[in-house]
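# Observations on chain architecture
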Amino acid sequence: MNSLRVQEIRPSELLEGQKEAFALDVAWLNSRKERFVRVLCPACGHNSKNRVFHKYGVSYCECRNCDTVYMNPRPSYGLLKKYYQRSENASYWRDHIYPASEKSRREKIFKPRVRKLQEVVQGIAPRLLVDVGAGFGTFCQLVQEAEMFERVIAVEPTPVLANTCRFREIETIENPIEEATFWEKVSVFTAFELIEHLFEPFTFLTRCARQLAPGGRIVLTCPNVGGFETALLWDKSSTFDIEHLNLFNQESITLLLNRCGFDVKEITTPGKLDAELVREAILDEDYEPSSFLTQVLIDDWERLGDRFQYWLSANSLSSHMMIVGEK
Ligand SMILES: [Zn+2]
C-alpha cells in the first residue's frame, strides 16, 4: 500500500501560520453574519434536521432524511465569492503549504488520480477536460503532460491560485463555475475537494450535467461524513471547518447525483489518513478511545497503522470518497 502521512501534505512547522491566516478568515466571515441564509438539505432538499453543533461561530445540522451534515445558515453565494477572492488562508496555502508539499501531493495524490482518469475516459472521446477548483494547478499540469485530452481548462476563482495555474501554462477561467461559459461540450469534469465548499451543489452538478457531452463523466472527491475519522471525531474533526458547507455520505452523494441527471458508476473511499488523524486526536487528548482502539492506533501503530487504514479504504469506510458519475 502506498501510505501517506499528514506531515507530507500539511507540514507541522507551517501549521501555526496557517492557523493565523484561517483565524482572520473566520473573523471576516463571522463579522458578516447578516449575509448568512437558511438552506434546505443540499443532497435531498428536505427540511427536517437534527443534531446541531456549533464550531468557529457557525452551525451545522444533520438531515433526518439522508444524514448529510451541512452548515445552516450559511454565507450567501455573493458573500462566499468575496470570501474566496480575499481569503488569507488561500494565500497562505499558495505561498507556503502547497510549495512545501507539492512533491508528495504530486506523487501520492495527483498521479494516482491521473491513473484513475485514464480508466474513467475509456470508451469516450477525450476532447475537453475541465478541472473545477483547480487550486495550485498540479493535476491539470499532469493531465496536460500525459496528453490525454485535446484541451484542458482550469476553473479557479481565487486570484492567487488562478495566477499559479496560468503560470503553469494552463488555460484558466478565473471565475466561479456558476459564472463560467464554455463554448463546447465537456468530455470530463473533475472537481477534487470542491463540492463541500459550494453554496449550492445541486446547481453546480446540474450545470455540469448540462455542459457534458452525452456519455460524459464527472469525477468528484470529497469528505465522507459516514467514514471512520469523521464518525469518530465528529465536531473535533478538521473536516468541519468554516469552508466546508456540505458533508455528504456515500448514499446522499449518490442521491444528489441522481437528482442532477447522473448515474453513479463507481463510489470508493481511497482515503489514506483516517487512522493517523484519529491517532493524533488521541495523542492530543481530543478523543477518548476504547482500549481496542488504543491498541491498534497507539500501542501497535507501527505494525497495524497502515494495514488498518488499508482495510478501512478497501471496505468503503474511509472519510474521503471518490465518485465517478456518467451523464
Ligand atoms: Zn437530506
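Residue indices follow the written sequence of each chain, beginning from 1 at its first position. Only residues with pLDDT of at least 70 get local features here, since the model is predicted, and only at 80 or more are side-chain atom pairs given and counted; chain-wide, interface and lining totals rely on the full set of residues. The side-chain figures draw on all heavy atoms in the structure; neither hydrogens nor water molecules are used.

All right, on to the environment of arginine 5 then. Note on conventions: DSSP H or I runs of at least 4 residues are helices, E runs of at least 2 residues are strands, and numbering of each starts at the N terminus. Relative to the elements of secondary structure, arginine 5 occurs in the segment before α1 (6-9). Each residue is placed in one exposure class: buried if its accessible area under a 1.4 Å probe, protein chains only, is under 20% of its type's maximum, exposed if it is over 50%, and partly exposed if it falls in between. In this structure arginine 5 comes out as partly exposed when scored by relative accessible area, which is 27%. For the pair arginine 5 and cysteine 165, spaced 160 residues apart in sequence, the C-alpha to C-alpha distance is 26 Å. Contact definition: two residues touch when any of their heavy atoms are within 4.5 Å. In contact with arginine 5, other than residues within four places in its own chain, are Leu273, Glu276, Trp301 and Asp306. In protein, a polar contact means a hydrogen-donor-capable atom and an acceptor-capable atom, both N or O and within 3.5 Å, with residues adjacent in sequence counting only if both atoms are side-chain atoms; elsewhere, any N or O pair within 3.5 Å suffices. Engagement of the side chain of arginine 5 in a polar contact is seen with the side chain of aspartate 306, the distance being 3.0 Å.

Turning our attention to the sheet that holds strand β8 (residues 171-173). Each strand in a sheet pairs with its neighbour through backbone hydrogen bonds, running either in the same direction (parallel) or in the opposite one (antiparallel). A strand pair is defined by DSSP finding two or more bridges across the two strands. Read across the open sheet, the 7 strands follow the order β8-β7-β6-β9-β10-β13-β12; overall the sheet is mixed. Single-partner strands in this sheet number two, and they are β8 and β12 (263-268). Going across the sheet, the axis of each strand differs from the next one's by a mean of 20°, ignoring polarity. Pairing geometry for strand β6 (residues 128-132) and strand β7 (residues 151-155), over 5 bridges, is parallel. Directly across from valine 132, in β7, lies its bridge partner valine 155. Note on geometry: axes are lines fitted to C-alpha atoms, helical ones only across the stretch in contact, with angles between N-to-C directions running from 0 to 180 degrees. Across the sheet, helix α5 (residues 138-146) touches β6, β7 and β9 (186-192), and the angle it forms with β7 is around 175°.

Using protein atoms alone on a 1 Å grid, points that fit a 1.4 Å probe yet trap it form a cavity, whereas open point sets bounded by protein on both sides within 12 Å along at least five of seven lines form a pocket; residues with an atom within 4 Å of a point count as lining. Grid points are joined across faces, edges and corners, and a volume is the space filled by probe spheres set on the points. Under the criterion given, the structure shown has 1 cavity of 30 Å³ or more. Size it by volume and the largest cavity reaches roughly 40 Å³. For the largest cavity, the lining is made up of 11 residues, of which Arg5, Lys272, Gly305, Asp306 and Gln309 are closest to its centre. Contributing elements (two or more residues each) for the lining of the largest cavity: α10 (274-283) and α12 (301-314). Note that Gly is not counted as nonpolar here; it falls among the polar residues with everything else outside the nonpolar set of Ala, Val, Leu, Ile, Met, Phe, Trp, Tyr, Cys and Pro and the charged set of Asp, Glu, Lys and Arg. Of the residues in the lining of the largest cavity, the class split is 4 nonpolar, 3 polar and 4 charged.

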